[in-house]
Amino acid sequence: MSTNAKEIDQLVNQTYEAGFYTDIEQEFAPPGLNEGTIRFISKKKAEPEWLLEWRLKAYKQFQEMIEPKWAHVEYPPIDFQEISYYAAPKSDEDRPKSLDEVDPKLLETYEKLGIPLEEQKVLAGVAVDIVFDSVSVHTTFREKLAEVGVIFCSFSEAVKDHPELVRKYLGTVVPARDNFYSALNSAVFSDGSFVYIPKNTRCPMELSTYFRMNAMNTGQFERTLIVADEGSYVSYLEGCTAPMRDENQLHAAVVELVVLKDAEIKYSTVQNWYPGDEEGKGGIYNFVTKRGDCRGDRSKISWTQVETGSAITWKYPSCILRGENSIGEFYSVALTNNLQQADTGTKMIHLGKGSNSTIISKGISAGRSQNAYRGLVRIGGSAENARNYTQCDSLLLGDKSAAHTFPYIECKNPSAQIEHEASTSKISDDQLFYLRSRGISQEDAINMIVNGFCKEVFKELPMEFAVEAQKLLGISLEGSIG
Amino acid sequence: MSNSLQAILQKLPGPKADTDDWLERLRADALKTISSRDYPSTKEESWKYTSLHALKKSDYLIADEHNSGGLLKKIYSRNDFLEADKLHLVFINGFFQPDLSSDELLQNGINIRPTTTKKADEKYNLETILKTDLTETFSALNILTLCDSLLIEVEKNRIIDKVIKLIFIGESPEPLLKSLRIIVKMNENSEARIVEEYRSHDKDMGFTNVVTNLRLGQNSTLYHHRLQIESMNTTHIGKIDAQVDTGASLYSDSIAMGGKLSRVDIDVSLSGRSAYCRLNGLFTGINDQHIDHHTTIRHLVGDTHSDELYRGILDDNSRGVFNGKVVVSADAQKISARQASNNLLLSKLAEIDTKPELEIYADDVTCAHGATVGQLDETALFYLRSRGISYKDARALLIYAFAEKVIEPIPLPALRQSLENKFLGHNQMSEFIQQG
């Protein structure tokens, strides 16, 4: 704990750590959204005809949709014609085969972010698929994964090399017309990750993607598709940082998970995008659609997220529990400070007999921020003996902060058991006094309590992520306590 | 534009020339508000789970004093309603029946005015009260189609011993819209107990649209019990709007068992320090009943407290909806709010949709809510069966045990008893319970 305290001391008044800008020539699509833009993106990526058709259809649906307003967040209207929908590093034509071929400036960026690729390769054994702006430029450990038949590549590569898999699963969990932003994403998505784990395979390492937004005024429209075939297992990590920017950047990603019989996907996210300054200027809009489909019996999806960044976070990683005895889990820590806004939670749709879901959500609001949990638990008529347990707790740090809870519970089966509890409170004086009387400084004490508050979620994270998450909490809370 | 709501509005007499009358002005505003609307649809968040399809299909007459829709049962006598220690007021098809009501309404310390003239008394500043929520479709409709309204004022420092019982009976063989308004004004340090009972003839086809405004002055206490046991063909839309001042306490029960479609909105503002409210509710559904409760508790200032408990029991293919919202305003510190929604599903086709919400803008608060959905405990059922209690009785007993948490705190023995009877029937079991 004292280490944590030191870190906090060091970081007093420090501005956003990852706020720098790498000067690399980019190839932009001109700002604006029309059929031409979509054809440009598709052509640029040399996509097959069916994918272009798919995009155009999504665009048509997008045009008929209205921007949703129901979330508990406020922001100025987004001009979708102001955004440039494609930006790729110039080296697109001849991609580097090894680190030596990678643009040294890129490597420098990663260095500043503290992701030394070499070190990670050796020490962590993590394959990193780095998305720099919109095109995947480097993939490691491909060979090792290939040995066991795991496919882990950028989305555009998957379209080229495994079109049958992509076609089979793309848009089956999150259809293009699912919502406004998924339709937008489907029309203009630039790149993303594709993972396929073959039958009865346990992925030998944790797969990780670092997204990084870099260019000015480019929305990031990532598309992730993970398919776990029967009896397989994969743990997928997603972490994000973005450079400091004064204009709001829109991020509308779509993540689809498909889990077949007896398979399991563990999806962990640490999100630390630029949240804007103390006055709420700048910052990322993070409007993401994440959904997993437990198609087979005894399949399992576990979402873990630590959300500390972004000016606005608006996402609901969900599980459709179709298979018998399938399991959905959602563990979340959402921290908002200054003028950040978060409206996040999950949906658990129980369709299969004996399906089971657990929701643990911890919201921490500091400064003048708004933090909302919004969740849905729906038990279908056919879901005999379905079970849900939900716990959402909010911690308020600062008398101008706000915490909200909007849980929807819909039950159509009498054999279901649903429990929901929520509480909202501030750090109790008793707890503080106890720690203070043992010689622990105010800041350390608060940090300790906050970390304890989030422990249930942190223990679900892979080890290295958990450490990062704890650090992040301390940094994000900086200046808001005491 | 033509829909069933507009069809009702077209039956209204045209605007009066006398524009000095504030009530007429209010009506003109209300008409303007809803003249281009239809009933709320399920696309609206607060009506997400409740479809008003049935209302949209029906063509309602507006109730008038002459009962032009007809009466199902023509004869009642005052004795039918007499109960010890109670003042009672009877309304049939929306209109006050002085012949059937207690004759001693003007008593020490209390002022009960059934305003048979549509123009309410200026003295009570009714304009501000009636203006509340005029933008809501049903509140606007209420003003426009008002039958009788009732004003109850309890004088300063008075504790009213007798229970005030309001009985609203539906007796219409035709689809009939009855709009009612009840205004209760509790002056400083006063205390009263009020029962609102809505019942109807088996064949009643009424649509009750009632608004109750409760104004609790400093340190006053009001027990408000709402009992809705209308027949299976009726539609019931109710609203309670309460303002609770410094040191005052509101104890509200809403018990909904009747009606094909019933919806009650309860909105309580705790506007002075040490204000308290306890909202309890119990709803039971059978057949294809649809029962909806929406409650909002607003903690507007610091040091206000609330407790809420709603329990639902759904059988057959009935559907229950509960939406409980607690809002803590900015700078309203030292708040405590507890809320629980427990639901029992007894059949494969029954459904419950519950949504306990918290909206908190202050930090020194202790707020908690819980929601559960479950079924009867098999082991408890087995325990009772193994002691020779029939399946039917054992089931009734367990259901009653579930409901008891709401029934037990009701301070009116007669009301409690009648609820117990509803759950357990007049058999040995209920006597056993009552003795115990």
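**Student:** Please explain the overall build of chain B as it appears in this structure.
**Tutor:** Each helix and strand counted, chain B has nine helices and 20 strands in total. Against the 2.2 N^0.38 benchmark of 22 Å for 436 residues, chain B shows a C-alpha radius of gyration of 22 Å, consistent with a compact globule. Its C-alpha atoms give chain B principal-axis dimensions of roughly 75 × 55 × 50 Å. Looking at chain B as a whole, 59% of its 436 residues qualify as buried. Taken as a whole, chain B presents about 17,700 Å² of accessible surface, with 48% of it coming from carbon and sulfur. Of the charged side chains in chain B, 51 are positive and 61 negative, and the gap between their average positions amounts to 2 Å.

**Student:** Looking at this structure, I do not really get the overall build of chain A. What am I missing?
**Tutor:** Counting its secondary structure elements, chain A contains twelve helices and 24 strands. Restricting to contacts in chain A with at least 6 residues of sequence separation, those with at least 24 account for 84%. Of the roughly 18,500 Å² that chain A leaves accessible, carbon and sulfur atoms contribute 49%.

**Student:** Is there a simple way to think about helix α5 (residues 137-144) of chain B in this case?
**Tutor:** Residues lying three or four places apart along an α-helix face the same way, a consequence of the helix completing one turn every 3.6 residues. Within α5(B), eight of the eight residues are buried, which leaves the element mostly enclosed by the surrounding structure. Considered for burial, the residues of α5(B) that qualify are Thr137(B), Phe138(B), Ser139(B), Ala140(B), Leu141(B), Asn142(B), Ile143(B) and Leu144(B).

**Student:** Just to check I follow, could you spell out the nonpolar core for this structure?
**Tutor:** Side chains of nonpolar character tend, in soluble globular proteins, to be buried together. Membership of the largest hydrophobic core comes to 85 residues, with the highest contact counts inside it found for Leu207(A), Ile152(B), Ile164(B), Leu166(B), Leu222(B), Leu250(B) and Val268(B). What Leu166(B) contacts, discounting residues up to four positions off in sequence, is Leu89(B), Leu150(B), Ile152(B), Ile182(B), Ile194(B), Val195(B), Glu196(B) and Glu197(B). If you look at the next biggest cluster of nonpolar residues, it comprises 53 residues, including Leu165(A), Ala187(A), Val188(A) and Val258(A).

**Student:** What exactly am I supposed to notice about the packing of helix α3 (residues 49-64) of chain A against helix α9 (residues 180-188) of chain A here?
**Tutor:** Think of two packed helices as two axes; the pair is described by the angle between the axes and how far apart they sit. Residues and elements named next belong to chain A. At a minimum axis distance of 7 Å, the contact between α3 and α9 shows a crossing angle of 150 degrees. Relative to α9, the element α3 is oriented roughly antiparallel. The crossing of α3 and α9 is left-handed. Along the contact surface, α3 presents Trp54, Arg55, Ala58, Tyr59 and Phe62, while α9 presents Phe180, Ala183, Leu184, Ser186, Ala187 and Val188. Partitioning the contact of α3 with α9 into residue classes produces nine nonpolar, one polar and one charged.

**Student:** What should I look at first to understand the pattern of salt bridges in this one?
**Tutor:** Oppositely charged side chains may form a pair once their charged atoms are brought near each other. Applying the stated rule across the entire model yields 45 salt bridges over all chains. Across the salt bridge formed by Glu264(A) and Lys300(A), the nearest N and O atoms sit 3.9 Å from each other. Residue Glu264(A) is located in strand β12 (residues 264-272), and its partner Lys300(A) is located in strand β14 (residues 300-307); the two are separated by 36 residues in the primary sequence. Classification of Glu264(A) by relative accessible area gives partly exposed; the value is 22%. The closest approach of N and O atoms between Lys165(B) and Glu197(B), which form a salt bridge, is 3.3 Å. With Lys165(B) in strand β6 (residues 163-170) and Glu197(B) in strand β8 (residues 191-200), this residue pair connects regions lying 32 residues apart in the sequence. Under the relative-accessibility criterion, Lys165(B) is labelled buried at 9%. Here the salt bridges share partners, and the residues they tie into one network are Glu83(B), Lys86(B), Lys165(B), Glu197(B) and Arg199(B).

**Student:** Can you help me understand the packing of helix α2 (residues 35-44) of chain A against α3(A) in this one?
**Tutor:** All names here are of chain A. Following both chains from N to C, one finds α2 and α3 inclined at 155 degrees, their axes separated by 10 Å at the closest point. In terms of orientation, α2 and α3 fall into the roughly antiparallel class. As for the relative orientation of α2 and α3, their crossing is right-handed in sense. Within the contact between the two elements, α2 uses Glu35, Ile38, Arg39, Ile41 and Ser42 and α3 uses Leu52, Arg55, Leu56 and Tyr59. Looking at the contact of α2 with α3 residue by residue, the class counts come to five nonpolar, one polar and three charged.

**Student:** I keep staring at the interface of chain A and chain B and nothing clicks. Help me out?
**Tutor:** For interface size, the figure often reported is the accessible area lost on association. Between chain A and chain B, the residue contacts involve 34 residues of the former and 35 residues of the latter. When the area that chain A buries against chain B is broken down by residue, the three leading residues are Tyr408(A), Ile409(A) and Pro414(A), summing to 21%. Counting across the interface, chain A meets chain B through four salt bridges. Note that Glu351(B) and Lys412(A) form a salt bridge whose closest N and O atoms lie 3.8 Å from each other. Every element with two or more residues in the side of chain A that touches chain B is listed here: β23 (402-411) and β24 (417-426) of chain A. Per-class residue counts for the side of chain A that touches chain B are twelve nonpolar, 14 polar and eight charged.

**Student:** Sorry if this is basic, but what is going on with the confidence of the model for chain A here?
**Tutor:** Close inspection of predicted coordinates is inappropriate in any region flagged by low pLDDT. Residue and element names in this part refer to chain A. Residue-level pLDDT values for chain A average 79, and 77% of them are 70 or greater. A low-confidence stretch, residues 8-14 stays under pLDDT 50, and its non-local contacts, those more than four residues away or across chains, total nine contacts. Ignoring residues within four places in sequence, the model shows residues 132-138, a span with pLDDT below 50, making 48 contacts including any to other chains.

**Student:** Could you clarify how one ought to interpret the domain arrangement of chain B in this entry?
**Tutor:** Residue and element names in this part refer to chain B. Looking at chain B, the domain boundaries give domain 1 (3-272) and domain 2 (377-436). The partner domain 2 presents eight residues to the twelve residues of domain 1 that form the contact. For the pair domain 1 and domain 2, the two sides together bury roughly 810 Å², of which 85% comes from carbon and sulfur. Contact with domain 2 buries surface across domain 1, with His225, Ile255 and Met257 losing the most and accounting together for 44% of the total.

**Student:** How should I be thinking about the pairing of β8(B) in this particular structure?
**Tutor:** Look at any regular strand and the pattern is simple: side chains alternate between the two faces of the sheet. Residue and element names in this part refer to chain B. Counting buried residues along β8, seven of its ten residues qualify, which places the element largely inside the surrounding structure. The sheet contact formed by β6 and β8 spans seven bridges and is parallel. Following the sheet pairing, Phe168 is matched in β8 by Tyr198.

**Student:** Help me understand the environment of Arg322(A) in this model?
**Tutor:** Mapping Arg322(A) onto the fold places it in the loop between β16 (318-321) and β17 (327-336). Side chain to side chain, Arg322(A) and Asp293(A) meet in a polar contact 3.0 Å long.

**Student:** Please explain the pairing of strand β12 (residues 249-256) of chain B as it appears in this structure.
**Tutor:** All names here are of chain B. Summarising burial for β12: eight of the eight residues are buried, a large majority. Across the two faces of β12 the burial is the same, with Ser249, Tyr251, Asp253 and Ile255 and Leu250, Ser252, Ser254 and Ala256 all buried. Where strand β10 (residues 221-229) and β12 come together, eight bridges link them in parallel fashion. Within the sheet, the bridge partner assigned to Gln228 lies in β12 and is Ala256.

**Student:** I'm lost on unusual backbone geometry in this one. Help?
**Tutor:** As a rule of thumb, non-glycine residues mostly have phi less than zero, and peptide bonds are mostly trans rather than cis. Residue and element names in this part refer to chain A. The backbone of Asn385 sits at a positive phi, close to 55 degrees, despite the residue not being glycine. The topology assignment puts Asn385 in the loop between β21 (370-379) and β22 (387-397). Judged by relative accessible area, which is 53%, Asn385 ranks as exposed.

**Student:** Which parts of the structure should I look at to understand the packing of aromatic side chains?
**Tutor:** Centre distance and the angle of the planes are the two values used to describe a pair of aromatic rings. For the structure on display, the rule yields 30 aromatic pairs over all chains. Taking 4.9 Å as the distance between ring centres and 25 degrees as the angle between the ring planes, the aromatic pair formed by Tyr310(B) and Phe322(B) counts as stacked. Of this pair, Tyr310(B) sits in strand β16 (residues 305-314) while Phe322(B) sits in strand β17 (residues 319-328); the two residues are twelve residues apart in sequence, bridging distant segments of the chain. A relative accessible area of 1% places Tyr310(B) in the buried class. Taken together, the aromatic side chains of Phe62(A), Trp70(A), Tyr75(A), Phe80(A), Phe180(A), Tyr181(A), Tyr285(A), Phe287(A), Trp314(A) and Tyr316(A) make up a single cluster linked through ring pairs. We note Arg55(A) situated over the ring of Phe189(A); from NZ or CZ to the ring centre the distance is 4.1 Å. The residue whose ring lies beneath Lys362(A) is Phe453(A), and the NZ or CZ to ring-centre distance is 5.1 Å.

**Student:** Can you walk me through the environment of Glu45(B) in this structure?
**Tutor:** As for its placement among the helices and strands, Glu45(B) is situated in the loop between α2 (22-34) and α3 (53-57). Residue contacts for Glu45(B): discarding those within four places in its chain leaves Tyr408(A) and Lys355(B). Here the side chain of Glu45(B) touches Lys355(B) through a polar contact of 2.8 Å, side chain to side chain.

Rules used in this analysis
Residues numbered from 1 in each chain as written. Chains lettered and ligands numbered in written order. Predicted model: local features only at pLDDT ≥ 70, side-chain atom pairs only at ≥ 80, totals over all residues. Heavy atoms only, no water. Helix = DSSP H or I, 4+ residues; strand = E, 2+ residues; numbered from the N terminus. Rg over C-alpha atoms; globule rule 2.2 N^0.38 Å. Buried < 20%, exposed > 50% of the residue type's maximum accessible area, 1.4 Å probe, protein only. Areas by Shrake-Rupley, 256 points an atom, 1.4 Å probe, with all protein chains shown as cover. Lys, Arg positive; Asp, Glu negative; His and termini not counted. Charge placed at Lys NZ, Arg CZ, Asp CG, Glu CD. Contact = heavy atoms within 4.5 Å. Core = buried A, V, L, I, M, F, W, Y, C linked by side-chain atoms within 4.5 Å. Axes fitted to C-alpha atoms, helices over the stretch in contact; angles between N-to-C directions. Parallel < 35°, antiparallel > 145°, perpendicular 65-115°, else oblique. Left-handed = near helix turned anticlockwise from the far one by under 90°. Nonpolar A, V, L, I, M, F, W, Y, C, P; charged D, E, K, R; others polar. Salt bridge = Lys/Arg side-chain N within 4 Å of Asp/Glu carboxyl O. Buried area = accessible area lost by both parts, 1.4 Å probe. pLDDT = per-residue confidence, 0-100. Domains from an automatic or database assignment. Pairing = 2+ DSSP bridges. Polar contact = N/O pair within 3.5 Å; in protein donor to acceptor, adjacent residues only side chain to side chain. Phe/Tyr/Trp six-rings, centres within 6.5 Å; stacked < 30°, edge-to-face > 60°. Lys NZ or Arg CZ within 6 Å of the ring centre and 35° of its normal.

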